[in-house]
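Below, each chain spelled out in residue letters.
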Amino acid sequence: MDPDVDHRAHPEAYRVGRGEQGVFGVEPYKSELLPLWRFATPEQATESSEALRRAFEDYLAAGDLVGADMTRKYLQMGYTRARRYARHRGGRKYDGPVPADKKGQSGAHGRAELPVDPEDPVKAESARIFKAAWDAAAADETYQRLKAEHVERYG
């Protein structure tokens, strides 16, 4: 997704994707949501997930599917990052650097997965907090309706 596009003014440029795709490239939402996103401790995860849920509700109330979908992605990313840090203390899942031609893409890219550390219960709790908020957002009926309308209208 083009970071030079104002996706609030041009929702037609936004494609509903799976997972966390576009989370750092869809403006103005990245600038609004990234400061709310923290997962290092359960306290931060609680505060962050609640702030993101309020933003999600505000976007839904405004009929802004792009904002709501981006917020859902930040909730999902809170879960996935906290889980990664719960399993890999330094946050690195794969051995070695990302190949130059694969930078900015997710995946192993032929690298071996590092061994899993004993689970960090603090990060695991942060992940649980985000998972509950993510599941609630994804299941929201208004979100589901707006998402279906967006896909119908813009593809």
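Located above this text is the structure these notes cover.
Residues numbered from 1 in each chain as written. Predicted model: local features only at pLDDT ≥ 70, side-chain atom pairs only at ≥ 80, totals over all residues. Heavy atoms only, no water.

### Things to note about the overall build of the protein
Step number 1: A tally of regular secondary structure across the protein gives five helices and zero strands.
Step number 2: N-terminal to C-terminal, the α/β element order of the protein is α-α-α-α-α.
Step number 3: Here the protein has a C-alpha radius of gyration of 16 Å; the compact-globule value for 155 residues is 15 Å, and the two agree.
Step number 4: Referenced to the eigenvectors of the C-alpha coordinate spread, the extents of the protein come out at roughly 45 × 40 × 25 Å.
Step number 5: Looking at the protein as a whole, 37% of its 155 residues are labelled buried.
Step number 6: Sequence separation of at least 24 residues holds for 67% of the intrachain contacts in the protein that already meet a minimum separation of 6.
Step number 7: For the protein, the accessible area works out to roughly 8500 Å², and carbon and sulfur atoms hold 51% of it.
Step number 8: Positive and negative charge centroids in the protein, built from 25 and 26 side chains respectively, lie 5 Å apart. (Helix = DSSP H or I, 4+ residues; strand = E, 2+ residues; numbered from the N terminus. Rg over C-alpha atoms; globule rule 2.2 N^0.38 Å. Buried < 20%, exposed > 50% of the residue type's maximum accessible area, 1.4 Å probe, protein only. Contact = heavy atoms within 4.5 Å. Areas by Shrake-Rupley, 256 points an atom, 1.4 Å probe, with all protein chains shown as cover. Lys, Arg positive; Asp, Glu negative; His and termini not counted. Charge placed at Lys NZ, Arg CZ, Asp CG, Glu CD.)

### Focus: the packing of helix H2 (residues 42-61) against helix H3 (residues 65-87)
Step number 1: Taken N-terminus to C-terminus, the directions of H2 and H3 make an angle of 165°; their axes are 8 Å apart at the nearest point. Considering their axes alone, H2 and H3 lie roughly antiparallel with respect to each other. For the element pair H2 and H3, the recorded crossing hand is left-handed. Taking contact as the criterion, the partners of Ser49, Leu52, Arg53, Ala55, Phe56, Tyr59 and Leu60 in H2 are, on H3, Gly67, Ala68, Thr71, Arg72, Tyr74 and Leu75.
Step number 2: When its residues are assigned to classes, the contact of H2 with H3 shows eight nonpolar, three polar and two charged. (Axes fitted to C-alpha atoms, helices over the stretch in contact; angles between N-to-C directions. Parallel < 35°, antiparallel > 145°, perpendicular 65-115°, else oblique. Left-handed = near helix turned anticlockwise from the far one by under 90°. Nonpolar A, V, L, I, M, F, W, Y, C, P; charged D, E, K, R; others polar.)

### Side note on the environment of Ala136
Step number 1: Residue placement: Ala136 occurs in helix H4 (residues 121-139).
Step number 2: The exposure class of Ala136 is partly exposed, given its relative accessible area of 36%.
Step number 3: Sequence spacing of Ala136 and Tyr74 is 62 residues, and the spatial spacing of their C-alpha atoms is 13 Å.

### Comments concerning the layout of surface pockets
Step number 1: Of the volumes computed, that of the largest pocket is approximately 840 Å³.
Step number 2: Around the largest pocket, the lining comprises 26 residues; the ones closest to its centre are Arg81, Arg84, Gln105, Ser106 and Gly107.
Step number 3: When its residues are assigned to classes, the lining of the largest pocket shows four nonpolar, eleven polar and eleven charged.
Step number 4: Taken as a whole, the second largest pocket encloses approximately 170 Å³ of empty space.
Step number 5: Of all the elements in the fold, those that place two or more residues in the lining of the second largest pocket are H3 and helix H5 (141-154).
Step number 6: Counting residues per element, the lining of the second largest pocket draws most heavily on H5, which supplies five residues. (1 Å grid on protein atoms, 1.4 Å probe; cavity = no way out; pocket = protein on both sides within 12 Å on 5 of 7 lines; lining within 4 Å. Points joined across faces, edges and corners; volume = space filled by probe spheres on them.)

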